[in-house]
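Summary of structural features
For reference, the chains in residue letters:
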Amino acid sequence: MIRQTFLAVVVLLASTIACASAPTTEPICRGDAILGKWKWHKYIYDGQEFPPSNPDLNLIFEFSPGGKDRLFWDRTGQPGFCERTGNYLFDQCQLIDQVTWVNPDNALGCAADPDMREGRQTMTRAEIVGDELFLYLSLGGKPFVYIWKKQQ
């Protein structure tokens, strides 16, 4: 009996400490929280977190007031870039984005990326937690989450 009580107290104490150390920031799923410049800095695939596979990749998503956005990437020390703009709506944990312009000076490989095609519209689950933007996608039938860090 004493051993069971002791075990129960230890479990309760451990769960209390775990809860106290867990982040308390609630996800934001709408509004102006998405405004600003975000740089991709890690991803989650198949339940595991990874840094970008190419540390030279600079992948930036910018959201401006009035529903305009810009997606841009290049690689440090390498020629070429990919850029496009669009119109977006961020509400109820959904990011709806439609590509309105693709830079004619993009590198040749950009055309292979579906996000670089004028007229393309996507709807993606999205939420902001602290200074990170989470975009929930699927890759090979498994969850894939882009995590972007807010830039100053």
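Here the structure is a predicted model, which means the values were calculated and not measured.

**Some details on the overall build of the protein chain**
Regarding its fold elements, the protein chain presents one helix and nine strands. Its helices and strands taken in sequence order, the protein chain reads α-β-β-β-β-β-β-β-β-β from the N to the C terminus. A burial count over the protein chain gives 30% of its 152 residues as buried. Counting only contacts in the protein chain whose residues sit at least 6 apart along the sequence, the fraction spanning at least 24 positions is 46%. Summed over all atoms, the accessible surface of the protein chain reaches about 9800 Å², with 58% contributed by carbon and sulfur.

**Details of the pattern of salt bridges**
In the structure shown here, the tally under the stated rule is eleven salt bridges. For Asp-91, the salt bridge identified is with Arg-30, shortest N-O distance 3.1 Å. Here the residue Asp-91 occupies a position in strand E5 (residues 81–91), and Arg-30 occupies one in the loop between helix H1 (2–21) and strand E1 (36–45), the gap between them amounting to 61 residues. A salt bridge links Glu-127 to Arg-125; its shortest N-O distance comes to 3.5 Å. Arg-125 gets classed as partly exposed once you look at its relative accessible area, which sits at 40%. Salt bridges here are not isolated pairs; linked through shared partners, they connect Lys-42, Glu-49 and Glu-132.

**Section: the pairing of E5**
Pairing analysis gives seven bridges linking strand E4 (residues 68–75) to E5, with the strands arranged antiparallel. For Asp-69, the partnering residue across the bridge sits in E5 and is Gly-86. Between E4 and E5, which follow one another and run antiparallel, lie five residues, and Gly-77 among them has a positive phi close to 80°. Where E5 lies against strand E6 (residues 94–102), eight bridges are found, and the strand directions are antiparallel. Bridging from a neighbouring strand, Arg-84 pairs with Val-102 of E6.

**Considerations on the side chain of Asn-106**
Note on placement: Asn-106 falls in the loop between E6 and strand E7 (121–129). When its relative accessible area of 14% is taken as the criterion, Asn-106 is described as buried. Separated by 2.8 Å, the side chain of Asn-106 and the backbone nitrogen of Glu-83 make a polar contact.

**Some points on the state of the cysteines**
Counting across every chain of the model gives two disulfides. The partner cysteine of Cys-82 in its disulfide is Cys-110, sulfur to sulfur 1.7 Å. Disulfide Cys-82-Cys-110: the torsion about the S-S bond is -90°, which places it as left-handed. One end of the pair, Cys-82, is in strand E5; the other, Cys-110, is in the loop between E6 and E7, and 28 residues separate them in sequence. For the pair Cys-82 and Cys-110, one class covers both residues: buried.

**Quick look at the environment of Ala-111**
By secondary structure assignment, the location of Ala-111 is in the loop between E6 and E7. Taking the relative accessible area as the measure of exposure, Ala-111 reaches 53% and is therefore exposed. Ala-111 sits 29 residues away from Cys-82 along the chain, and the two C-alpha atoms are 8.9 Å apart.

**With respect to the environment of Pro-55**
With respect to the secondary-structure elements, Pro-55 resides in the loop between strand E2 (48–50) and strand E3 (57–64). Each C-alpha atom, one on Pro-55 and one on Thr-76, is 8.7 Å from the other, the two residues being 21 residues apart in sequence.

The rules behind each value
Residues numbered from 1 in each chain as written. Predicted model: local features only at pLDDT ≥ 70, side-chain atom pairs only at ≥ 80, totals over all residues. Heavy atoms only, no water. Helix = DSSP H or I, 4+ residues; strand = E, 2+ residues; numbered from the N terminus. Buried < 20%, exposed > 50% of the residue type's maximum accessible area, 1.4 Å probe, protein only. Contact = heavy atoms within 4.5 Å. Areas by Shrake-Rupley, 256 points an atom, 1.4 Å probe, with all protein chains shown as cover. Salt bridge = Lys/Arg side-chain N within 4 Å of Asp/Glu carboxyl O. Pairing = 2+ DSSP bridges. Polar contact = N/O pair within 3.5 Å; in protein donor to acceptor, adjacent residues only side chain to side chain. Disulfide = S-S within 2.5 Å.

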